[in-house]
Amino acid sequence: MIQRLEDSGKPVVAAIHGSCLGGGMEVALGCHYRIATRHPKTVLGVPEVMLGLLPGAGGTQRLPKLIGLPDALDLCLTGKNVRADKAKKLGLVDMLVDPLGPGLKSPEEGNIEYLEDVAVGVARNLASGALSLPTRERKWTNMKGLQFNLTTHQRHVRNYVFGQARKKVMKMTNGLYPSPLKIMEVIRAGLEKGPVEGYEAESQGFAELGMSSESKALRSIFFGQNECKKNRFGKPAKPAETLAVLGGGLMGAGIVQVSLQKGYRVVLKDMDEIALNRGYQRVYEGLNGRVKKRAMTNFERDHTLSLLSPQLDHKGFEKADMVIEAVFEDIDLKHKVLRATEAATADHCVFASNTSALPIAKIAAVSKRPEKVVGMHYFSPVDKMPLLEIITTDKTSKETAALAVDVGLKQGKTVIVVKDSPGFYTTRILAPMLAECVRLLQEGLSPQNLDKFSKAFGFPVGMATLADEVGIDVAYHVAQFLLNEFGVRLVNVYMYIHSWEGAYQFMHLMYCTFGVSECLTW
Amino acid sequence: KRSVVLVDGVRTPFLTSGSDYQNLLSHDLQRYALQGLLQRTALPVSEVDHVVVGTVIQDVNTSNIAREAALSAGFSKHTPCHTVTMACISSNMAVTTGACQIAAGQSDVVVAGGVDTMSDVPIRLSRGMRKSLLAANKKKTTSGKLSTILSGLRYFGLELPAISEFSTNETMGHSGDRLAATFGISRRDQDEYASRSHNLAHQAAEKGKLQDVLTVFAPGRSKPVTLDNGIRPSTPEQMSKLKPAFVKPHGTITAANASFLTDGASAALLMSEEKALSLGYTPKAYLKDFVYVSLDPKDQLLLGPAYATPLLLDRSGLTPKDIDVFEYHEAFAGQILANLQAMDSDWFAQEYMKRSSKLGRLPLEKFNTWGGSLSIGHPFGATGVRLVTTAANRLLDEDGSLAVVAACAAGGQGHALLLERYPK
């Protein structure tokens, strides 16, 4: 059907506003000309790889011919979202239309009408010949054309591109995800053997991937994540507007940053000027990093920072709707902080602790308002890790839980709500794994081999590296604590004190653990 | 509150940037306007209590251009002067600042002016280079200085004054085009309005209506400058040939239906009514009331007049029918037409202006009948005073009673002012 669009004698113009992903993108690719609105909602892409599939409606065949092999591989293999300006640069869309402000109708309606007017105008011009279709053939005579033709149509350079892409895929996936490899195979078939073979390979590939267990798992993660976007406690009666964060360390600063970005007023409190300044600098660097990546303008960064109030005292805390403490994992310190906070905040204020293992009930023991105490366990780096584990005690009220989930969702997190059992959920399922890891090391397996085997199994980070990343001492304390709580249920643990060189990324662990998705109940 | 009157206003001819004023700096132009005002009104400089000037593109050497221009124009060195900035409504702000001083009793006589030139703009070295030069300055030895400068060379680059809105990075023309599209203003409508502006300006100039224009004797030029040189009557058909300037290819704003880069200066004499009469002047008009508005710079950048006009009229219980003269700043033809549409839309009035109903269509036959910024030109800081003076002169010429002056400005701000003809 898309082929019929492509073959049509009449010019077909795609007018894009909002999401143009997957199948929608592939329909647009079948059109002769693409126009998109330069609107923050407008996003293009082929994210099928994230579900373990491939763009099965012609995407693998049309995309390389349109934007060249390297960019097509980038989009298909990462499934990344492309904004309007980038889409124009890539050649994915041919023309951009600016969004309008309020006029004689709402901006939303006005935008669609304007887009339609411009698109119809373009279609008319294409039909009459006033506007000619941009040639999709690239010349060999200019640099861009040369690059395009060499990487997409010249066999040797093309093979090199595939080789590089394959290397990257293998490095990131260890060959455990069939979808990116199949995508490359299918694209290659089309480029080397022509469209007939290419489309055939694409539909075969889609069918195969659709049946694979990896795809089923990824699809279930996708649905799970969507489920987690709902607040099962309902909307809070009074959503939070002002947050206070205690402690400007790595976690605290990260929480501050994501909250500011989503429009919350944030008060950052710390113990002394040096610590407070460090916290502020962390937040600034976090936002500035986005400016450097052009995700934000200088002005937006400064405007966002104006929502932040760094201070050493409790001034303004009476206006706080939620206080998130991110201080050291010491129960006495947390008690001290809770008492001081309760004295300075209003009755409706929720106290959330970013503890990773201390029981919330224990923290709430000194609280005058235990129904307002909840755990909000973020993961580092806060601006990149999507998971947020919210922990409720049997005293935590429904309103408190609703507010906490609401804040987490607004911060852009994937929220799970769990009971206040030892280790909550994430630490509890991690601990036995790390304990087993240590056991293997005791039995003589080298850390390098442990990493190698666990990565080959499918963990994105080797277990030995993970243990190092968490911190052997931290893991030891947590293991001790869990041992006390759970007794014989937990394997007895001895810890090697090893230190490994190197810094590794703490990535995708939560995706892995989260894949065991059904125990998200409270 | 004392009554404030406009005694008179003058301006240099407004010229396209890069023409006969290209050897002048903004303080020169303002000096000519101030001198012209003194001569026109025969005002003794000792009577001036305060001078305030509005300008946009500041020359660092003359950052308080009011002071430097007034001193060199022969004003008393004992007269306080200050400079204000509010983008295109800078001299409006100068006028209202002066009016407030007079009304509150701080001054009896205020000279309010405005100036801008685009023939010379401050071009700076890049930040990195500036830093290294300043660091080099602090070094004691020549070799130290030299090495610092050389290491700073990698930052070589120039910074020109930005033409785009600071908070949104969007150029005004681009925003104007979006505004025109939002209100469904066609290319044809805009070209027709622009043609009207040029034709009316041309006629007014021919008939000698533009009384505020001075003759400027600029050093080194073979002829004095006597006329605005940007007025070019053309037909909409001729204008339709131009390509869109800001949004390509489907935009509607072109060089013909947009105001152009202009150099020029203006000055007006404001007094308390008693002082004016006691000095033997017949004022032209009362400055009765004014408002400033501030809007979203992203999507309502140029809608100032649409918001300011109803606010101003409401304050005095007036309707458009009561107004005889409208003098509005024409940034773009599309902007004027969009503002007129916005004021004539119940939906916009209710949704955005929080009014119960629309103000209504402003009568075009009373609107900018001697041309406007599109044709006469727009030296940013100078336009405000030109609008006020022109409104007063039109009231006298057309035998009207009330005038409304309004303007939009970069930053998403706007202004409206109410004038009442001084009784005969």
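Computed from a prediction, not measured in an experiment: that's the story for all the values here.

What follows deals with the overall build of chain B. From N to C terminus, chain B includes 14 helices and 12 strands. Computed over the C-alpha atoms, the radius of gyration of chain B is 22 Å, within 12% of the 22 Å expected from 2.2 N^0.38 for a compact globule of 424 residues. Referenced to the eigenvectors of the C-alpha coordinate spread, the extents of chain B come out at roughly 75 × 55 × 45 Å. Residue burial in chain B is summarised as follows: out of 424 residues, 58% are buried. Across chain B, the fraction of contacts at a sequence separation of at least 24, relative to all contacts at a separation of at least 6, is 80%. Charged side chains in chain B number 43 positive and 40 negative. The centres of these two groups are separated by 7 Å.

Where two aromatic rings form a pair, the distance of their centres and the angle of their planes describe that pair. Tallying each qualifying case throughout the model produces 13 aromatic pairs over all chains. Between Phe299(A) and Phe166(B) the ring centres are 5.8 Å apart and the planes differ by 90°, which places this aromatic pair in the edge-to-face class. One end of the pair, Phe299(A), is in helix H14 (residues 298-305); the other, Phe166(B), is in the loop between strand E7 (158-159) and helix H6 (172-182), on a second chain. By relative accessible area, Phe299(A) is classed as partly exposed at 30%.

Mapped onto the secondary structure, His174(B) falls in helix H6. Ignoring sequence-local partners within four residues, the contact set of His174(B) consists of Arg38(A), Asp98(A), Phe246(B) and Val247(B).

Another aspect to go through is H6(B). Burial runs high along H6(B): 9 of the 11 residues are buried. Taken together, the buried positions of H6(B) are occupied by Gly173(B), His174(B), Ser175(B), Gly176(B), Asp177(B), Arg178(B), Leu179(B), Ala180(B) and Thr182(B). Where H6(B) is buried, its residues meet helix H6 (107-128) of chain A together with helix H7 (187-206) and helix H11 (333-343) of chain B. Gly184(B), located one to two residues past H6(B), shows a positive phi value of around 65°.

Below, the discussion takes up the UniProt feature "domain: Thiolase N-terminal" (unreviewed entry) in chain B. The sites that carry the UniProt feature "domain: Thiolase N-terminal" (unreviewed entry) are, in the present numbering, residues 4-274 of chain B. Secondary structure across residues 4-274 of chain B divides into 36% helix and 16% strand, with the first and last C-alpha atoms of the span separated by 9 Å.

Turning our eyes to something else, we now look at the interface of chain A and chain B. Listed as interface residues are 18 residues of chain A and, on the opposing side, 19 residues of chain B. Taking both partners together, chain A and chain B bury about 1,500 Å²; carbon and sulfur atoms supply 66% of that area. Sorting the residues of chain A by area buried against chain B places Pro102(A), Leu104(A) and Phe299(A) first, and these three jointly supply 39% of that buried surface. On inspection of chain A and its partner chain B, the count reaches 0 salt bridges. Mapped onto the side of chain A that touches chain B, the elements with two or more residues apiece are strand E6 (95-97) and H6 of chain A. Split into classes, the residues belonging to the side of chain A that touches chain B amount to 11 nonpolar, 4 polar and 3 charged.

Moving on to the packing of helix H3 (residues 59-67) of chain A against helix H10 (residues 195-211) of chain A. Residue and element names in this part refer to chain A. As a packed pair, H3 and H10 sit with axes 9 Å apart at the nearest point and diverge in direction by 130°. Here H3 is positioned oblique relative to H10, judged by the angle of their axes. Of H10, the residues touching H3 (which contributes Gly-59, Thr-60, Gln-61 and Arg-62) are Gly-198, Tyr-199 and Glu-202. Tallied by class, residues from the contact of H3 with H10 come to 1 nonpolar, 4 polar and 2 charged.

Before going further, it helps to examine the UniProt feature "domain: 3-hydroxyacyl-CoA dehydrogenase NAD binding" (unreviewed entry) in chain A. In the numbering used here, UniProt assigns the "domain: 3-hydroxyacyl-CoA dehydrogenase NAD binding" (unreviewed entry) feature to residues 243-420 of chain A. With 40% helix and 22% strand, residues 243-420 of chain A has its two end C-alpha atoms placed 23 Å apart.

Now for the pairing of strand E8 (residues 262-272) of chain B. All names here are of chain B. Burial of E8 is extensive: 11 of the 11 residues sit out of reach of the surface. With burial as the criterion, each face of E8 is covered, one bearing Thr-262, Gly-264, Ser-266, Ala-268, Leu-270 and Ser-272 and the other bearing Asp-263, Ala-265, Ala-267, Leu-269 and Met-271. Here 2 bridges tie strand E2 (residues 15-16) to E8, and the two strands are oriented antiparallel to one another. Within E8, the position partnered with Leu-15 by the bridge is Asp-263. As paired elements, strand E5 (residues 109-116) and E8 share 8 bridges and run antiparallel to each other. Counted as the bridge partner of Val-111 is Leu-269 from E8.

What follows is about the side chain of Glu330(B). All names here are of chain B. Residue placement: Glu-330 occurs in the loop between strand E10 (325-328) and H11. One buried charged residue, Glu-330, remains without a salt bridge, the closest side chain of opposite sign being Arg-196 at 5.2 Å. A distance of 2.6 Å separates the side chain of Glu-330 from the side chain of Tyr-193, its partner in a polar contact.

A word on the packing of H3(A) against helix H4 (residues 69-78) of chain A. All names here are of chain A. The interhelical angle for the contact between H3 and H4, taken along N-to-C directions, is 135°, at an axis separation of 7 Å. Of the possible angle classes, the one that applies to H3 and H4 is oblique. Relative to H4, H3 is oriented so that their crossing is right-handed. Packed against H3, whose contacting residues are Leu-63, Pro-64 and Ile-67, the element H4 presents Leu-69, Asp-71, Ala-72, Leu-75 and Cys-76 at the interface.

So, on to helix H1 (residues 26-41) of chain B. Residue and element names in this part refer to chain B. When the terminal C-alpha atoms of H1 are compared, their 23 Å separation across 16 residues agrees well with the 22 Å that a helix rising 1.5 Å per residue should span. Within H1, 12 of the 16 residues are buried, which leaves the element mostly enclosed by the surrounding structure. Burial in H1 covers these residues: Ser-26, Asp-28, Leu-29, Gln-30, Arg-31, Tyr-32, Ala-33, Leu-34, Gly-36, Leu-37, Leu-38 and Thr-41. Residue Ala-42 follows H1 closely and has a positive phi angle near 55°.

So, about the sheet that holds strand E5 (residues 82-83) of chain A. Strands belonging to one sheet form pairs held by backbone hydrogen bonds; the direction of such a pair is parallel or antiparallel. All names here are of chain A. Taken in spatial order, the 3 strands make up an open sheet running E2-E4-E5, and their pairing is mixed. Pairing within the sheet leaves two strands with one partner each, and these edge strands are strand E2 (19-21) and E5. Contacts between helix H2 (residues 23-30) and the sheet are confined to E2 and strand E4 (43-45), with E2 contributing the most and set at about 85° to the helix.

Turning to the UniProt feature "active site" (unreviewed entry) in chain B, a few remarks are in order. Residue and element names in this part refer to chain B. According to UniProt, the feature "active site" (unreviewed entry) maps to Cys-88, His-378 and Cys-408 in the numbering used here. A maximum C-alpha distance of 12.4 Å is found for the annotated residues, which run over 321 residues; spatially they form one tight group. According to the relative accessible area criterion, Cys-88 is buried, its value standing at 7%. Within the element layout of this structure, His-378 appears in the loop between helix H13 (373-376) and helix H14 (383-398). What makes His-378 buried here is its relative accessible area of 4%. If we ignore the near neighbours within four places in the chain, the residues touching His-378 are Cys-88, Ser-259, Phe-260, Thr-262, His-329, Ser-373 and Thr-383. At 3.5 Å, the side chain of His-378 and the side chain of His-329 are in polar contact.

What follows deals with the state of the cysteines. Overall, the coordinates contain 0 disulfides over all chains when judged by the stated rule. The thiol of Cys20(A) is unpaired, and the distance to the nearest cysteine sulfur, on Cys31(A), comes to 9.0 Å. Cys20(A) sits in the buried class, given a relative accessible area of 5%. Free of any disulfide, Cys100(B) has its nearest neighbouring cysteine sulfur in Cys81(B), separated by 18 Å.

On to the nonpolar core, then. One finds Phe183(B), Leu303(B), Ile323(B), Tyr328(B), Phe367(B) and Val404(B) to be the most contacted residues of the largest nonpolar core, which totals 46 residues. Among the elements of the structure, H6, H7, strand E9 (285-294), helix H10 (304-315), E10, H11, strand E11 (402-409) and strand E12 (413-421) of chain B are those that each provide at least two residues to this core. Element by element, the count of residues in this core is highest for H11(B), at 7 residues. Contacts of Phe367(B), omitting those with residues within four sequence positions, involve Tyr193(B), Arg196(B), Phe326(B), Tyr328(B), Ile336(B), Leu340(B), Leu362(B) and Arg394(B). If you look at the next biggest cluster of nonpolar residues, it comprises 41 residues, including Ala72(A), Cys76(A), Val82(A) and Val186(A).

The rules behind these values
Residues numbered from 1 in each chain as written. Chains lettered and ligands numbered in written order. Predicted model: local features only at pLDDT ≥ 70, side-chain atom pairs only at ≥ 80, totals over all residues. Heavy atoms only, no water. Helix = DSSP H or I, 4+ residues; strand = E, 2+ residues; numbered from the N terminus. Rg over C-alpha atoms; globule rule 2.2 N^0.38 Å. Buried < 20%, exposed > 50% of the residue type's maximum accessible area, 1.4 Å probe, protein only. Contact = heavy atoms within 4.5 Å. Lys, Arg positive; Asp, Glu negative; His and termini not counted. Charge placed at Lys NZ, Arg CZ, Asp CG, Glu CD. Phe/Tyr/Trp six-rings, centres within 6.5 Å; stacked < 30°, edge-to-face > 60°. UniProt positions renumbered as here; feature names shortened; annotations may be inferred. Buried area = accessible area lost by both parts, 1.4 Å probe. Salt bridge = Lys/Arg side-chain N within 4 Å of Asp/Glu carboxyl O. Nonpolar A, V, L, I, M, F, W, Y, C, P; charged D, E, K, R; others polar. Axes fitted to C-alpha atoms, helices over the stretch in contact; angles between N-to-C directions. Parallel < 35°, antiparallel > 145°, perpendicular 65-115°, else oblique. Pairing = 2+ DSSP bridges. Polar contact = N/O pair within 3.5 Å; in protein donor to acceptor, adjacent residues only side chain to side chain. Left-handed = near helix turned anticlockwise from the far one by under 90°. Expected span 1.5 Å × (residues − 1). Disulfide = S-S within 2.5 Å. Core = buried A, V, L, I, M, F, W, Y, C linked by side-chain atoms within 4.5 Å.

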